[in-house]
Amino acid sequence: MAATPEEIKQTLEAIAKEADHSDQPRVLPIVKGYVIYERLREFRRVFWVNHVPDMKTIPFDSVDGARLLAAYLKGK
């Protein structure tokens, strides 16, 4: 089941609230192997093909993005 726009908004707000604004590196949340980049509003995953990195990005507002957000919400 895809996340509703309200669930997406609440998730993004929760992620933003969890942000630590100290000098320490920020640990980004991960769901199903994808790193959640709230500022960019996308999921990212790096695959290695023949020793060469290849990055896959999924926008939050896509069908796959909604599925990943729903999985993230379910896992919290």
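Structure: see above.
Report follows, based on the coordinates.

Criteria and thresholds
Residues numbered from 1 in each chain as written. Predicted model: local features only at pLDDT ≥ 70, side-chain atom pairs only at ≥ 80, totals over all residues. Heavy atoms only, no water. Pairing = 2+ DSSP bridges. Helix = DSSP H or I, 4+ residues; strand = E, 2+ residues; numbered from the N terminus. Salt bridge = Lys/Arg side-chain N within 4 Å of Asp/Glu carboxyl O. Buried < 20%, exposed > 50% of the residue type's maximum accessible area, 1.4 Å probe, protein only.

Overview of the sheet that holds strand β4 (residues 52–59)
Pairing is antiparallel in the open sheet, where four strands are placed in the order β1-β2-β3-β4. Each end of this open sheet is capped by a strand with a single partner; those strands are β1 (30–31) and β4. Taken together, the three bridges between strand β2 (residues 34–37) and strand β3 (residues 42–49) define a ladder with antiparallel strand orientation. Each residue of the ladder has a partner; that of Val-35, found in β3, is Arg-44.

Considerations on the pattern of salt bridges
Oppositely charged side chains may form a pair once their charged atoms are brought near each other. The final tally for this structure, using the stated rule, is two salt bridges. The closest approach of N and O atoms between Arg-44 and Glu-42, which form a salt bridge, is 2.6 Å. Among the residues examined, Glu-42 registers a relative accessible area of 15% and is labelled buried. Here Asp-64 ties to Arg-67 by a salt bridge, and the two come within 3.3 Å at their closest N and O atoms.

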